[in-house]
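Each chain, written out:
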Amino acid sequence: PQRLRSALTLSLTGTLLRSARPKEAESLISTLAGPERKLTAHEEAARDYLLGEAKRLQNEPIKAVEYWNKAEASGDQLYRVKAVLAKTVLQLQERAVKPEEAIERLERLRFAWRGDGLETQIAQVLGRLYLTIKKWDSAFELMRDAAGFAAGSEAGNAMAAAITQAFPPFYT
């Protein structure tokens, strides 16, 4: 069935991107739609987000942001949040956005998405941003929350280590 094929295509595309294989990911995602089939709004948002990731991996930040802007405008909550997070992180790396502006964007996301690894990612990035602007209480709270959300996982352990490093007086 088409719905299963679409879900598998999106999932496999994400796997290729996590394996740093953007050209193969682009090739696979191009099979999602055809002349006989129009994409659903969710599929379009997913495609745009994933193509943005492919462009980021190919060191094409302008194209990445263009795709993420489409995903953000799509109305699909999941891919809107993922796109804003990805775009914000890239723009921070490119120094195209100041930490304070990034914090404003991510604070809005924090309340738009709850309950899974995406919430953990948002809290991790926000916690580190608050560290850079020396808002220690906010940084500690978010980093602690992120470590708790992902307790027992590699991401949770990494965040716990980051807390220990950032706040040594509390842990020595």
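For the structure itself, consult the block above.
Counting restarts for each chain, with residues numbered from 1 along the sequence as it is written. The model is predicted, so local features are restricted to residues of pLDDT at least 70 and side-chain atom pairs to those at 80 or more, both for listing and for counting; the totals for chains, interfaces and linings are taken over all residues. Values shown for side chains rest on all heavy atoms present in the structure; no hydrogens or waters enter the calculation.

Turning our attention to the nonpolar core. One finds Leu109, Ile122, Leu126 and Met143 to be the most contacted residues of the largest nonpolar core, which totals 26 residues. Secondary-structure elements contributing two or more residues to this core are helix 5 (77–93), helix 6 (99–112), helix 7 (117–132), helix 8 (136–149) and helix 9 (154–166). Counting residues per element, this core draws most heavily on helix 7, which supplies seven residues. It only takes one pair of heavy atoms within 4.5 Å for two residues to be counted as in contact. Residues within four places of Ile122 in sequence aside, it is in contact with Val81, Leu85, Leu106, Leu109 and Arg110. The nonpolar core is taken to be a set of buried Ala, Val, Leu, Ile, Met, Phe, Trp, Tyr and Cys residues, with the residues joined through side-chain atoms within 4.5 Å. The buried label goes to any residue with under 20% of its type's maximum accessible area, the exposed label to any with over 50%, and the partly exposed label to all in between, with areas taken from a 1.4 Å probe on protein chains only. Counting residues in each nonpolar core, the second largest holds 21 residues, with Leu10, Leu16, Leu39 and Leu50 among its members. Strands here mean DSSP runs of E at least two residues long; helices mean DSSP runs of H or I at least four residues long; both are numbered from the N terminus.

With that settled, consider the layout of surface pockets. The volume enclosed by the largest pocket comes to roughly 770 Å³. Of all the elements in the fold, those that place two or more residues in the lining of the largest pocket are helix 1 (2–18), helix 3 (41–57), helix 5 and helix 7. When residues in the lining of the largest pocket are grouped by element, the largest group, eight residues, is from helix 5. Throughout, the ten residues Ala, Val, Leu, Ile, Met, Phe, Trp, Tyr, Cys and Pro are labelled nonpolar, Asp, Glu, Lys and Arg are labelled charged, and all others, Gly among them, are labelled polar. Classifying every residue of the lining of the largest pocket by side-chain character gives 14 nonpolar, six polar and six charged. Cavity: a set of points on a 1 Å grid over the protein atoms alone where a 1.4 Å probe fits but cannot get out. Pocket: an open set with protein on both sides within 12 Å along at least five of seven lines, its lining residues, like those of a cavity, having an atom within 4 Å of a point. Grid points are joined across faces, edges and corners, and a volume is the space filled by probe spheres set on the points.

Once that is clear, we can look at a nonpolar patch on the surface. Together, Leu4, Leu8 and Leu12 give the surface a local cluster of nonpolar side chains, amounting to about 290 Å² of exposed area. Its place among the elements puts Leu8 in helix 1. Any residue with relative accessible area above 30% and no salt bridge may belong to a patch, with like charges joined within 9 Å and the nonpolar Val, Leu, Ile, Met, Phe, Trp and Tyr side chains within 5 Å. Using a 1.4 Å probe, the Shrake-Rupley method yields the accessible areas, and only the shown protein chains count as cover for residues. Salt bridges are identified by distance alone: a Lys or Arg side-chain nitrogen within 4 Å of an Asp or Glu carboxyl oxygen.

On to the environment of Glu107, then. Structurally, the position occupied by Glu107 is in helix 6. Taking C-alpha positions, Glu107 is 14 Å from Lys82, a pair spaced 25 residues apart along the chain. The contacts of Glu107, once residues within four sequence positions are left out, are Leu126, Tyr130 and Leu142.

Take the packing of helix 1 against helix 2 (residues 22–29) next. Where helix 1 meets helix 2, the axes come as close as 8 Å, and the angle between the chain directions of the two elements is 170 degrees. With respect to each other, helix 1 and helix 2 are oriented roughly antiparallel. Contacts between helix 1 and helix 2 involve Thr9, Leu10, Leu12, Thr13, Leu16 and Leu17 from the former and Pro22, Glu24, Ala25, Leu28 and Ile29 from the latter. Fitted lines through C-alpha atoms give the axes, limited to the stretch in contact for helices. The angle between two N-to-C directions lies from 0 to 180 degrees. Throughout, the term roughly parallel applies to angles under 35 degrees, roughly antiparallel to angles over 145, roughly perpendicular to angles from 65 to 115, and oblique to all others.

One non-glycine residue, Asn59, adopts positive backbone phi at about 60 degrees. With respect to the helices, strands and loops of the structure, Asn59 is situated in the loop between helix 3 and helix 4 (61–73). For Arg95, which is not glycine, the phi dihedral falls at a positive 60 degrees. By secondary structure assignment, the location of Arg95 is in the loop between helix 5 and helix 6. Judged by relative accessible area, Arg95 falls into the exposed class, the value being 75%.

Centres within 6.5 Å are what make two rings of Phe, Tyr or Trp a pair, Trp counting through its six-membered ring; a difference in plane orientation under 30 degrees is then read as stacked, over 60 as edge-to-face, and the rest as tilted. In the structure shown here, the tally under the stated rule is one aromatic pair. Centre to centre, the rings of Tyr49 and Tyr79 are 5.8 Å apart; their planes meet at 45 degrees, and the pair counts as tilted. Placement of Tyr49 in helix 3 and of Tyr79 in helix 5 is noted, with a sequence separation of 30 residues between them. The class of Tyr49 is buried, set by a relative accessible area of 14%.

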